[in-house]
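# Remarks on the overall topology
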Amino acid sequence: MRASSAGARYPGRVVNAGWLRRGLVLAALLGPAGCSTQLVSLNEGPREYVATDYENVLRSWTRTEHLFALSELDNFLTATATFESWDFRWAYVVRYAQDYRLTIEQRQKLLEKTLEETRQRHQFFVAIFGGERKYNDLSTPNSAWIVRLIDDTGNETAPEEIVAIAKPNALERTYFPYNTVWRQAFRIRFPRATAEGKPTISPSARWFGLRFAGAQGNSELVWQVNEEAEPIDPAELEQGAAPPLRPKRGQL
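What comes next is a walk through the structure. Each chain has its residues counted from 1, following the order in which its sequence is written. In view of the model being predicted, local features appear only for residues whose pLDDT reaches at least 70, and side-chain atom pairs are presented and counted only at 80 or more, with totals across whole chains, interfaces and linings using the full set of residues. Where side-chain values are given, they derive from all heavy atoms of the structure, hydrogens and water being excluded.

## So, the sheet that holds strand E8 (residues 207–214)
Adjacent strands of a sheet form backbone hydrogen bonds with each other and so pair up, either parallel or antiparallel. DSSP-based pairing: two strands are paired if at least 2 bridges between them are found. A run of DSSP states H or I qualifies as a helix once it reaches four residues; a run of E qualifies as a strand once it reaches two. Both are numbered from the N-terminal end. In space, the four strands of this open sheet follow the order E5-E4-E8-E9, with antiparallel pairing throughout. Edge strands, defined here as strands with exactly one partner in the open sheet, are strand E5 (156–157) and strand E9 (217–224).

Okay, here's the thing in structure tokens:
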């Protein structure tokens, strides 16, 4: 009522909230049209990134999907996730080292530590919004959504840990810019292997992803694997240590 009344007095200045919501949903639907799918590689090994490469690497490892009701164009869930892979973490450390002016020794230790974490678990940075906020806390038993790590070979794995980021710091806001004040952020960790030793992301998988499922439907964020990428035998890498950083020309 107030919106209609204000709109009559100030035509063109007030937008009905329902139409605004519908417009945002339609924009989300139309936005990705025509974009090609970006393939990713799970291969390990040295990278030659500079700090300015971070945004492109972030885009490569980030996916967004929307779950909505066609009848009312209500947004039930918008989920954006970054897979913190070996490749992503290498670019992240290079950017972090540049921003915080780390010494060569400091950034080497940080790189070794963060790459070792990829050998222990699969980790995703996730930010969501939509529906009722109180039911979007993925870390609680009464969450509207359950999350699973899946791949095209039939693997489906429950998280070993979901950590809610109640107050994202400046680093998390800057390095994951989609994590706005309207979203709820989490780090979700999955085991790399089952209790029987089977990889939770199959080496032969053509894609892997996150599935969000609940009473209102389900949504999948998918990373397609570059099958033509030349595999690197992890045994060739020194276990527990990262290869030395090899900066490009001009890198500090």
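## Quick notes on the packing of helix H4 (residues 86–99) against helix H5 (residues 104–120)
With axes taken as lines fitted to C-alpha atoms, and helix axes fitted only over the stretch in contact, angles between N-to-C directions fall between 0 and 180 degrees. Their axes nearest at 10 Å, the elements H4 and H5 cross at an angle of 155°. The orientation of H4 with respect to H5, classified from their angle, is roughly antiparallel. In this structure, the crossing between H4 and H5 has a hand that is right-handed. Contacts between H4 and H5 involve Trp86, Arg89, Trp90, Val93, Tyr96 and Ala97 on the former and, on the latter, Arg107, Leu110, Leu111, Thr114, Leu115, Glu117, Thr118 and Arg119. A class-by-class count of the residues in the contact of H4 with H5 yields eight nonpolar, two polar and four charged. These descriptions rest on fixed angle ranges, namely under 35 degrees for roughly parallel, over 145 for roughly antiparallel, 65 to 115 for roughly perpendicular, and the rest for oblique. Helix crossings are classified by the rotation of the near helix relative to the far one: an anticlockwise turn of less than a right angle makes the crossing left-handed, while a clockwise turn makes it right-handed. Residues count as neighbours in contact if any of their non-hydrogen atoms are within 4.5 Å of one another. In this count, Pro and Cys sit with the nonpolar residues alongside Ala, Val, Leu, Ile, Met, Phe, Trp and Tyr, while Asp, Glu, Lys and Arg are called charged and the others, Gly among them, polar.

## What to know about the environment of Asn56
As for its placement among the helices and strands, Asn56 is situated in helix H3 (residues 54–60). Residues Asn56 and Ala91 lie 35 residues apart in sequence; the distance between their C-alpha atoms is 9.5 Å.

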